[in-house]
Amino acid sequence: MADSAQAQKLVYLVTGGCGFLGEHVVRMLLQQEPQLRELRIFDLHLGPWLEELKTGPVQVTAIQGDVTQAHEVAAAVAGAHVVIHTAGLVDVFGKTSPETIHEVNVQGTRNVIEACVQTGTRFLVYTSSMEVVGPNIKGQPFYRGNENTPYEAVHRHPYPCSKALAEQLVLEANGRKVLGGLPLVTCALRPTGIYGEGHQIMRDFYHQGLRLGGRLFRAIPASVEHGRVYVGNVAWMHVLVARELEHRAALMGGQVYFCYDNSPYKSYEDFNMEFLGPCGLRLVGTRPLLPYWLLVFLAALNVLLQWLLRPLLLYAPLLNPYTLAMANTTFTVSTDKARRHFGYEPPFSWEESRTRTIRWVQAMEGSAQ
Ligand SMILES: NC(=O)c1ccc[n+]([C@@H]2O[C@H](COP(=O)([O-])OP(=O)(O)OC[C@H]3O[C@@H](n4cnc5c(N)ncnc54)[C@H](O)[C@@H]3O)[C@@H](O)[C@H]2O)c1
Ligand SMILES: CC(C)CCC[C@@H](C)[C@H]1CC[C@H]2[C@@H]3[C@H](O)C=C4C[C@@H](O)CC[C@]4(C)[C@H]3CC[C@]12C
């Protein structure tokens, strides 16, 4: 982002820095951003692992805060050169209300933008999602598409709706004058389904498999391809974008980029088996064991049960109409826009991403015993 005269001069803020992706971004920044002087980590829940980071050469400042609280965000942003906004409520299982999802993902993002404008921060990188595009409510496939592929992006679920609105706010904010009169430069990264160390849904599938005696039962046809990307590569793309935004503001400002790497195109379940298989789980069936109409029925039943049980407990199974539609719709990206615009190459090969993820699942197994 700056020449060597500016070594160790920069202050970065990572919102959601204690989440699955956020932790990888934080660790990647500390390893790969030599110009970093201070790294602020802003999250609703701070992780104990932050303590170990505080002994290094970069000043690590942990800030417990809520993105929905404008004053807390403004205080954290003041004096930062770059904001990487990963904080968000990722909920497609009905754990939180649509209002809360909107409040965190949309109003939270608005607060981050306004804080940049008011305090003079010029560079904002937003973690969007492939779901801003699709799969859409019609279940139309998006096959190896890129950022310009036409697709009817129509959503009803609160999570993709909130990500789409927030992304729009970020892109529209590009060029706004911040305190001091210089323009804000923003861009949005759209990861597909992220996997890797710390991935909660992978953990859930693993434990479900253990409960079922080491088996998982195929629910989705193997022919449905689902886009996946390794968390380390997503983190690196964030670090690179943050670094390059100043030099390439005219090219990158207001742009969206899918996050991609060389992970293979596979169905959601077959992809998971790349990691769960070597950890002793087996996917039963070459075809879905239950007919699709029955899955649709069970998904609808889960919605009803969730509603009935809500006064007593939170029932939020993996299967619901939305997750079924997502898993059952081909959505894969094939693009080189990030390489062309800012020289992105995924630092982790598929083999390394796979090995790292398997080691993480195996360690989980060890800790469970
Ligand atoms: N996981 C994926 O497959 C995926 C794919 C595409 C995009 N994304 C996006 O990446 C970002 C990170 O997702 P993740 O998978 O790491 O989720 P995560 O839940 O692990 O991390 C989100 C972090 O945000 C924090 N947070 C939530 N509400 C907050 C609030 N009100 N104030 C401050 N912090 C708050 C959480 O505490 C958490 O640490 C999200 O914006 C998500 O939409 C995720
Ligand atoms: C038939 C069921 C048992 C299978 C359920 C799988 C389901 C839980 C999976 C399938 C696809 C997954 C989503 C996809 O990888 C992309 C994203 C985008 C991201 O922004 C948030 C996570 C999310 C929604 C994944 C959630 C889990 C899904 C729906």
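- As annotated in an unreviewed UniProt entry, the protein is 3 beta-hydroxysteroid dehydrogenase type 7 from Balaenoptera musculus.
- The record held by UniProt for the protein lists under Subcellular location (unreviewed entry) the comment "Endoplasmic reticulum membrane".

Focus on the overall build of the protein
Right, so step 1: In terms of regular secondary structure, the protein is built from 13 helices and 13 strands.
Right, so step 2: Over its C-alpha trace the protein gives a radius of gyration of 21 Å, about what one expects of a compact globule, namely 21 Å for 369 residues.
Right, so step 3: A principal-axis box enclosing the C-alpha atoms of the protein has dimensions of 60 × 45 × 40 Å.
Right, so step 4: Out of the 369 residues in the protein, the part that is buried amounts to 51%.
Right, so step 5: For the protein, the accessible area works out to roughly 16300 Å², and carbon and sulfur atoms hold 56% of it.

Let's talk about the site of ligand 2
Right, so step 1: Around ligand 2 lies a shell of 17 residues, among which Ser 129, Glu 131, Tyr 159, Gly 193 and His 226 are the nearest.
Right, so step 2: Residue Tyr 159 places a side-chain N or O atom 2.6 Å away from an oxygen atom belonging to ligand 2.
Right, so step 3: Between ligand 2 and the protein, one listed contact pairs an oxygen atom with a side-chain N or O atom of His 226 at 3.2 Å.
Right, so step 4: A total of 620 Å² of accessible area belongs to ligand 2 in isolation, and the protein chains cover 90% of it.
Right, so step 5: Element by element, the count of residues in the shell around ligand 2 is highest for helix α11 (residues 321–327), at 3 residues.
Right, so step 6: Residue classes in the shell around ligand 2 are distributed as 12 nonpolar, 4 polar and 1 charged.

Some thoughts on the packing of helix α6 (residues 200–211) against helix α9 (residues 268–276)
Right, so step 1: Between α6 and α9, whose axes approach to 11 Å, the crossing angle comes to 80°. Judged by the inter-axis angle, α6 sits roughly perpendicular to α9. For the pair α6 and α9, contact is made by Ile 201, Met 202, Phe 205 and Tyr 206 and by Tyr 268, Asn 272, Phe 275 and Leu 276, respectively.
Right, so step 2: The class makeup of the residues in the contact of α6 with α9 is 7 nonpolar, 1 polar and no charged.

Reading the values: the criteria
- Residues numbered from 1 in each chain as written.
- Chains lettered and ligands numbered in written order.
- Predicted model: local features only at pLDDT ≥ 70, side-chain atom pairs only at ≥ 80, totals over all residues.
- Heavy atoms only, no water.
- UniProt positions renumbered as here; feature names shortened; annotations may be inferred.
- Helix = DSSP H or I, 4+ residues; strand = E, 2+ residues; numbered from the N terminus.
- Rg over C-alpha atoms; globule rule 2.2 N^0.38 Å.
- Buried < 20%, exposed > 50% of the residue type's maximum accessible area, 1.4 Å probe, protein only.
- Areas by Shrake-Rupley, 256 points an atom, 1.4 Å probe, with all protein chains shown as cover.
- Near = heavy atom within 4 Å.
- Polar contact = N/O pair within 3.5 Å; in protein donor to acceptor, adjacent residues only side chain to side chain.
- Nonpolar A, V, L, I, M, F, W, Y, C, P; charged D, E, K, R; others polar.
- Axes fitted to C-alpha atoms, helices over the stretch in contact; angles between N-to-C directions.
- Parallel < 35°, antiparallel > 145°, perpendicular 65-115°, else oblique.
- Contact = heavy atoms within 4.5 Å.

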